[in-house]
Amino acid sequence: MRTLYLSQQGCWVTLKQELLQVLSGRQELYTVPLPSLDQVLIFGHAQMTTQAIHACLHRNIPIAYLSRMGYCYGRIMPLARGYRRLAQRQQALPEPWRLQTAQQIVRAKLLNSRVLLMRQLRETPTESGALAVQSLGYLAAQALQAQSREQLRGIEGAGAAMYFPELGNCLRQQGFVLLTRTRRPPTNPANALLSFGYSVLWNHLFNLIELQDLHPYEGCFHESSTKHAALVSDLLEEFRAPIIDSLMLGLVNRRILDPEADFYYEKGGCFLNESGRKKFLQSFVTRMSAKINTSDGTQPFWDVLTQQVRQYKQCVINPEQVYQPYQIR
């Protein structure tokens, strides 16, 4: 998926024939061919001219406006993208199907978290590591026994309470600490990385869901509302550990990010600054483009995301199918 990330504050985008031209003042930073573009993500204070926006809409390219920490304020999409022919099917899905699908998603999330910890603990064992791994395995089994989505959320929350402190034990650079997960706002560099990464991946999944004509606000695990695209949050769960959490560990432990130079503090929160966002996004694109081994052969993570969204679509069309989330081994 080719995405234009506008993270440099004060830059602006104009249309130059079949190119989007990114400028800082009067200086051209780079150009991006419109035919190769899938979406535009704008972080913080960056601008697009009306002509550039029209060109994106004409070519069915959505534009998302995000805060500097990655929170999505809203999206601009062509009218054709807003028509979701599967919405009625999603709304009519029975509660047993929604619960079963939610069970599979939570189970996969817990197992993926478990595998990530196991890989890290082979290199650097900790006193609490074995208990965390055992507990996540137990909770994953319990997820399939949940009698309601409320109970399932409790199981997922218990897993997070075990997982994040142990993930923090895997960090090996001074200045990066993760005792618990803090979100709005993130309170330290490790949480800032997770929040920013989840938001970036969330927007990519939103785009893929729209491309499959699914209704992003009709989910099965998270509560749906006019302000929360629940299906996007649902499908994000299975990819948190294998994509964002593992990327965060790599950026910290390989010392690609500096806890002082790449972050800033404001109003009680900690956020990636311009240099931090640039480093993260470069590593994110590399991570998503790298080929991994799956049951369908060797393929990049971009294709894995697309396949999972397509599989969910097929389950909506034929509810007798059981959705199988992505799992790492």
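Relevant structure appears above.
Note that the structure is predicted; figures quoted are calculated from it, not measured.

**Comments concerning the packing of aromatic side chains**
- In total, this model carries twelve aromatic pairs according to the counting rule given.
- Arranged with centres 5.9 Å apart and planes meeting at 70°, the rings of Trp97 and Tyr312 form a pair that is edge-to-face. In this pair, Trp97 sits in helix α4 (residues 95–123) while Tyr312 sits in helix α11 (residues 301–317), placing the two residues 215 residues apart along the sequence.
- With a relative accessible area of 4%, Trp97 lands in the buried category.
- Aromatic side chains Phe301 and Tyr326 sit 5.8 Å apart centroid to centroid with 75° between the ring planes, which places their arrangement in the edge-to-face category.

**A short note on the sheet that holds strand β3 (residues 19–24)**
- As summarised here, the arrangement of the four strands in space is β4-β3-β2-β6, forming an open sheet in which the pairing is mixed. Both edges of this open sheet fall to β4 (27–33) and β6 (47–48), since each of them pairs with a single strand only.
- Here strand β2 (residues 12–16) pairs with β3 via five bridges, running antiparallel. Residue pairing in the sheet places Trp12 in a bridge with Leu23 of β3.
- Across the face of the sheet, helix α1 (residues 50–58) comes into contact with β2, β3 and β6 while running at roughly 65° to β2.

**Things to note about helix α7 (residues 189–211)**
- If you check α7, its first and last C-alpha atoms are 34 Å apart, about what 23 residues at 1.5 Å a residue would give, namely 33 Å.
- Within α7, 22 of the 23 residues are buried, leaving the element largely enclosed by the surrounding structure.
- Trailing α7 by a residue or two, Asp213 shows a phi angle of about 65°, which is positive.

**Side note on the sheet that holds strand β7 (residues 63–66)**
- Across the sheet, four strands lie side by side as β1-β5-β7-β8; this open sheet has mixed pairing. If you trace the sheet from one side to the other, it starts and ends with β1 (3–6) and β8 (72–76), each paired once. With direction set aside, neighbouring strand axes in the sheet form an average angle of 15°.
- Lying over the sheet, α7 contacts β1, β5 (39–43), β7 and β8, oriented at roughly 150° with respect to β5.

**What about unusual backbone geometry?**
- That bond from Arg184 to Pro185 is cis: its omega, 5°, falls within 30 degrees of zero.
- Summarising the element assignment, Pro185 is placed in the loop between α6 (149–169) and α7.

**A closer look at the environment of Pro325**
- With respect to the secondary-structure elements, Pro325 resides in the segment after α11.
- In this structure, the C-alpha to C-alpha distance between Pro325 and Ile105, residues 220 residues apart in sequence, is 5.9 Å.
- When sequence neighbours within four positions are dropped, the list of residues in contact with Pro325 reads Gln104, Ile105, Ala108, Glu238 and Gln308.

**A closer look at the side chain of Asn253**
- One can find Asn253 in helix α9 (residues 240–253).
- Judged by relative accessible area, Asn253 falls into the buried class, the value being 19%.
- Within the structure, Asn253 has its side chain in polar contact with the backbone oxygen of Cys170 (distance 3.1 Å).

**A look at the nonpolar core**
- By size, the foremost hydrophobic cluster in this structure holds 85 residues, and its most contacted members are Leu193, Phe280 and Phe284.
- Among the elements that line this core, the one with the most residues is α7, at 13 residues.
- Not counting residues up to four positions away in its chain, the partners in contact with Phe284 are Tyr5, Val200, Leu201, His204, Ile243, Ile244, Leu247 and Trp302.
- One finds Val32, Leu37, Met48 and Cys56 within the second-largest nonpolar core, a separate group that totals 19 residues.

Thresholds applied
Residues numbered from 1 in each chain as written. Predicted model: local features only at pLDDT ≥ 70, side-chain atom pairs only at ≥ 80, totals over all residues. Heavy atoms only, no water. Phe/Tyr/Trp six-rings, centres within 6.5 Å; stacked < 30°, edge-to-face > 60°. Helix = DSSP H or I, 4+ residues; strand = E, 2+ residues; numbered from the N terminus. Buried < 20%, exposed > 50% of the residue type's maximum accessible area, 1.4 Å probe, protein only. Pairing = 2+ DSSP bridges. Contact = heavy atoms within 4.5 Å. Axes fitted to C-alpha atoms, helices over the stretch in contact; angles between N-to-C directions. Expected span 1.5 Å × (residues − 1). Polar contact = N/O pair within 3.5 Å; in protein donor to acceptor, adjacent residues only side chain to side chain. Core = buried A, V, L, I, M, F, W, Y, C linked by side-chain atoms within 4.5 Å.

By themselves, these figures tell us nothing about what the structure is for.
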